[in-house]
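# A structural walkthrough
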Amino acid sequence: MAPKRPSSTKQNAPPSKRFKNQFDSSKSPSHKSGGSGGGAPSKRFTKTHEPREKNPRRKAPITSRKPHRDESGTDEEEYEGFEEVPMDDDEPEEHHEDTEMVEASARESHANGNDTSTRESHQAQRQVARERRLAKPNGQIVGEAKALWELARQKSISKKEQQEHVAKLMAVVKGKIQDLVFKHDASRIVQTLVSQGSRADRDQVALELKGSYYRLSQARYSKFLVSKLIRYCPIHRPSILAEFHGKVIRSILHRETTDIIADAYELHANAIERNLLLRDFYGREVEMFDSEKVKVGGLKALLESGDGVSEEVNEARKKRIFGSMKDNLLTIFNNPDKGAVAHSIVHRVLWEYLSNIKGLASEDEQARLRQEMFDSCQELLPEMAHTRDGSRAVREFIAFGSAKDRKKIIKSFKPHLEKMCTDDQAQLVLFTCLDAVDDTKALLSSLVSEMVSLAPKFISLPSTTSSSTSTSPSESSSTAGRRSLLYLVVPRTTRHFTPAIVATLAETDTTIAKTSKKDASVRRKELRVGASSGLLGFVEQYAGGLVRDPAGSLFVGEVMLYADGDKTDATAALLEPLSCLPYPPTTDSEATSTHPIDLPHASRLYKTLIQGGHFSRSDKVIIPAPDYSAIAFARRFVEAVGEEKLLSMATHDNAAFVITELITRVMKDGTDYERKEVKRYFGGRDLRNTIWEGDAKGKDQLLGKLKELEAVQDWTHLKFHGTAFTRQQLRGKGKQQINTDDVTGGRNRLPNSSAQNLKDT
């Protein structure tokens, strides 16, 4: 006798309604875990906490309009561990017939006005439908398995209880799995055995289904079971994938099987299993004679010249392999509606084709094959840019393409520019376009201007109390998007681009140098000049929020240092938060908002702008930014902050470093009047004592700089034959090197007595 089903209103509801209520938040009741309202998901649908790997997902192409959800992922489920119950249109035909019969009888009784008869008719018809289902082949087994499945899939029970139910379920279906998996409901039962069962249970399921995996992958419901077995049974994975060998191209173009092949290649297969899946693209000759060579070394080992084989024979063999690869790729490209173009296995074959045709003896033959392949897939390139191999293949087309080909590529990517900027692989295609296209005017109008307009979406801004800050842009932060903007100003700098990214981009540099006419430095300068106006405008508009955001402060520093154009307004906007808020905060309302100078990332930003460049760890010096005036920013900083706040900042942690750099900048590049003013500000003994008694992190550096400032005398800043010497430099020259004529000559003429005293010193 089958165990009794749990008495739950939700469980006894029709399948379609149970499925619908799972996602209909407007109708869901309040939950203890989520509070009132329908926004929080039920506790029942939360992810299971079993100690297993996170459910892997394939990466969505940049052309997708909705978040990517693989139907083949590993389950027919939205939440991990909860099996999806189909909608009404997924019900089997016999269930529809029974339902229609019950409804027809109910309508007839209702028309006669007999409600009691209606209820009795419903009960009778349900009984008939139950008996019909039990009379079908394996009907008794399916009914008993469903009751156990409802118990095994519950989330509220312990792991031990769940394993007991799974063991009973396995005992019921053992030996009948082959007959059950093609049914929509029974297939889910077997899926639960694979995901929740033990290793022995999985092995039993895999053994019973051996030899029928290809047929199962083509069915609407059993295909999910094949994906589960590929994921959870690595021991049986080679035998499962072996049933697809020789049928990979056909499977990729099949509506149900395509995602199984894509998942197996991208998420689960090892190197040998991937090589065997790729083998079908190389032609029948390779499958028959060179399987072992492909299995170990892939296409590269296959194309190497064998022992005793002449170059002519090997060249002809290469052409046959490339011909098979081209034909199979064209078959997929000519059927874009099948969805196979977005799969990484296709991108891998395309990249292998493009990279290995360079081994052909004739360069004209290489160019012809490359151009033919480009012509066949130029409109499909946006669907390939999201994977590593696809991105590399598209970049190869850009590097070898003509000006007309590059224009076509840019046109195809333009509708997807935002996703392209935020995708780690697709943005490499964008960077290659910026490195290769000679027509920078067209590039600025088609790509760069739109990239700059997307800046508010790529950098998240916290709320700020600054009155100068406009409405904050979108809070969706994107490291990749910010990197796309920085490439316009500081391309390939190791401060923001990893060595791996720089090395990947450098792969096409040699080819681009041959196919492009304009020098790379000239092209980058033109793009930087064209993008600078918009980037400086963005900094000016959102300065208050950018200063407070760690990522935004990094972006601002690069734009202010290396962008071209007038930076007066942007500088004023960056300094306004310092002038608007008192320092240090004096009231409780002001203390709730941290002053920008007390934020570590903001203080580093102001320090970097005052010092005029970034510190080089290798050279141990500051590399000044070209076309940037650090002393001009320092002057505006002093004007905006004022003497009182400057003195207060000198006694606080992060601000002390900024003041130290400010004194250094004025002593180095300031006028005599500015040096006197700085000495008047910070030369007092009381200030030094306050700094010494405090616990500011940068007090040692600041005290050392104040000591140097105190030693500075007005007469040490004289020009001797056009050269400025400090007091220490004058001491180091010695009496023999300093003549009275040197001191008394030029515009800074001293009396002979003063000059002699200086010489004696």
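Please read these numbers as outputs of a predicted model, since none were measured by experiment. (Residues numbered from 1 in each chain as written. Predicted model: local features only at pLDDT ≥ 70, side-chain atom pairs only at ≥ 80, totals over all residues. Heavy atoms only, no water.)

### Thoughts on the overall build of the protein
- Looking only at helices and strands, one finds 44 helices and four strands in the protein.
- Of all 761 residues assigned to the protein, the portion counted as buried reaches 49%.
- Working note: accessible area of the protein is about 37800 Å², and carbon and sulfur atoms make up 50% of it. (Helix = DSSP H or I, 4+ residues; strand = E, 2+ residues; numbered from the N terminus. Buried < 20%, exposed > 50% of the residue type's maximum accessible area, 1.4 Å probe, protein only. Areas by Shrake-Rupley, 256 points an atom, 1.4 Å probe, with all protein chains shown as cover.)

### Considerations on the packing of aromatic side chains
- The final tally for this structure, using the stated rule, is ten aromatic pairs.
- Relative to Tyr-353, the ring of Phe-322 lies with its centre 6.0 Å away and its plane at 85°, an arrangement referred to as edge-to-face. Taken as a pair, Phe-322 in helix H18 (residues 311-333) and Tyr-353 in helix H19 (residues 344-356) lie far apart in primary sequence, 31 residues in all. In this pair, the class of Phe-322 matches that of Tyr-353, namely buried.
- Through successive ring pairs, a cluster of aromatic residues spans Phe-431, Tyr-487 and Phe-497. (Phe/Tyr/Trp six-rings, centres within 6.5 Å; stacked < 30°, edge-to-face > 60°.)

### What to know about the nonpolar core
- Among the nonpolar cores identified, the biggest contains 175 residues, and Leu-229, Tyr-282, Phe-333, Ile-345, Phe-637 and Phe-682 are the most heavily contacted of them.
- Here this core takes eight residues from helix H24 (residues 426-436), the largest share from any one element.
- Ignoring anything within four residues of it in the chain, the contact list for Phe-333 reads Val-341, Val-346, Leu-350, Met-373, Ser-376, Cys-377, Leu-380 and Met-384. (Core = buried A, V, L, I, M, F, W, Y, C linked by side-chain atoms within 4.5 Å. Contact = heavy atoms within 4.5 Å.)

### A short note on helix H25 (residues 440-453)
- By the largest-angle criterion, Leu-447 marks the main kink of H25, which is about 35°.
- Looking only at H25, the buried set comprises Thr-440, Leu-443, Ser-446, Leu-447, Val-448, Met-451 and Val-452.
- For H25, the elements touching its buried residues are helix H22 (403-413), helix H23 (417-422), H24, helix H26 (455-458), helix H27 (479-486) and helix H30 (520-541). (Bend = angle between axes of the 7 residues up to and from the residue.)

### Topic: the side chain of His-268
- Positionally, His-268 belongs in helix H14 (residues 258-268).
- With relative accessibility at 12%, the residue His-268 sits in the buried group.
- Discounting chain neighbours no more than four positions away, the residues touching His-268 are Pro-56, Ile-230, Arg-231, Arg-237, Asp-263 and Glu-273.

### Considering the pattern of salt bridges
- This structure, assessed with the given rule, holds 31 salt bridges.
- Close ionic contact of Lys-326 with Glu-372 constitutes a salt bridge, the shortest N to O distance being 2.3 Å. Placement of the pair is Lys-326 in helix H18 and Glu-372 in helix H20 (residues 363-377), with a sequence separation of 46 residues.
- The partner of Arg-392 in a salt bridge is Glu-507, with the nearest N and O atoms 2.7 Å apart. In this pair, Arg-392 is assigned in helix H21 (residues 388-400) and Glu-507 in the loop between helix H28 (499-506) and helix H29 (509-515), connecting sequence segments 115 residues apart.
- Assessed through its relative accessible area of 45%, Glu-507 is described here as partly exposed. (Salt bridge = Lys/Arg side-chain N within 4 Å of Asp/Glu carboxyl O.)

### Overview of the environment of Thr-651
- Along the chain, Thr-651 falls in the loop between helix H37 (643-649) and helix H38 (653-669).
- Spatially, the C-alpha atoms of Thr-651 and Glu-693 are 9.4 Å apart, while their sequence positions differ by 42 residues.
- Those residues in contact with Thr-651 that sit more than four places away from it in its chain are Leu-687, Thr-690, Ile-691 and Ala-696.
- One polar contact links the side chain of Thr-651 to the main-chain carbonyl oxygen of Ser-648, over a distance of 2.8 Å. (Polar contact = N/O pair within 3.5 Å; in protein donor to acceptor, adjacent residues only side chain to side chain.)

### Let's talk about the packing of H38 against helix H41 (residues 699-711)
- Across the interface, H38 lies against H41 with an axial gap of 9 Å and an inter-helix angle of 25°. Relative to H41, H38 is oriented roughly parallel. Read as a crossing pair, H38 and H41 show a hand that is left-handed. Facing H38, whose interface residues are Ala-656, Phe-657, Ile-659, Thr-660, Ile-663, Thr-664 and Met-667, H41 presents Gln-701, Leu-702, Lys-705, Leu-706, Glu-708 and Leu-709. (Axes fitted to C-alpha atoms, helices over the stretch in contact; angles between N-to-C directions. Parallel < 35°, antiparallel > 145°, perpendicular 65-115°, else oblique. Left-handed = near helix turned anticlockwise from the far one by under 90°.)

### Description of the packing of H30 against helix H32 (residues 550-562)
- Taken N-terminus to C-terminus, the directions of H30 and H32 make an angle of 130°; their axes are 10 Å apart at the nearest point. Comparing the axis directions of H30 and H32 gives the class oblique. As H30 runs across H32, the sense of the crossing is left-handed. Contact residues: Arg-528, Leu-535, Leu-536, Phe-538 and Val-539 in H30; Phe-555, Val-556, Val-559, Met-560 and Tyr-562 in H32.

### What about helix H11 (residues 222-232)?
- Of all the eleven residues making up H11, eleven are buried; the element is thus mostly covered by neighbouring parts of the structure.
- Looking at H11, one finds that the buried residues are Ser-222, Lys-223, Phe-224, Leu-225, Val-226, Ser-227, Lys-228, Leu-229, Ile-230, Arg-231 and Tyr-232.
- Contact partners of the buried residues in H11: helix H8 (184-196), helix H9 (199-209), helix H10 (213-217), helix H12 (237-242) and H14.

### Regarding the pairing of strand E2 (residues 621-624)
- Across four bridges, strand E1 (residues 613-616) lies against E2 in antiparallel orientation. The partner of His-614 across the bridge, within E2, is Ile-623. (Pairing = 2+ DSSP bridges.)

### What to know about the side chain of Asp-259
- You can see Asp-259 is positioned in helix H14.
- A distance of 2.9 Å separates a polar atom in the side chain of Asp-259 from a polar atom in the side chain of Arg-58.

### As for the confidence of the model for the protein
- Averaged over all residues, the pLDDT of the protein equals 79, while 75% of them reach at least 70.
- Per-residue pLDDT, averaged within each element of the protein, yields its smallest value for helix H2 (residues 15-23) (39) and its largest for H21 (97).
- The model gives residues 77-97 a pLDDT under 50, and that stretch makes 60 contacts with residues more than four places away or in other chains.
- In the model, residues 733-761 has pLDDT below 50 throughout and makes 30 contacts with residues more than four positions away in sequence or in other chains. (pLDDT = per-residue confidence, 0-100.)

### Let's talk about the environment of Glu-315
- Looking at the secondary structure, you find Glu-315 in helix H18.
- Along the backbone, Glu-315 and Leu-303 are twelve residues apart, and their C-alpha atoms lie at a distance of 9.0 Å.
- Sequence-distant contacts of Glu-315, defined by excluding residues within four places in its chain, comprise Leu-360 and Ala-361.

### Thoughts on unusual backbone geometry
- Positive phi, close to 60°, is recorded for Lys-620, a residue that is not glycine.
- You can see Lys-620 is positioned in the loop between E1 and E2.
- A positive phi angle, close to 60°, is found at Asp-627, a residue other than glycine.
- Relative to the elements of secondary structure, Asp-627 occurs in the loop between E2 and helix H36 (630-641).

### As for the environment of Met-420
- Position of Met-420 relative to the elements: it lies in helix H23.
- The buried category is assigned to Met-420, whose relative accessible area is 1%.
- For the pair Met-420 and Thr-63, spaced 357 residues apart in the sequence, the C-alpha separation amounts to 9.2 Å.
- Once residues lying within four places of it in the same chain are set aside, the contact partners of Met-420 are Ile-62, Phe-413, Ala-426, Gln-427, Val-429 and Leu-430.

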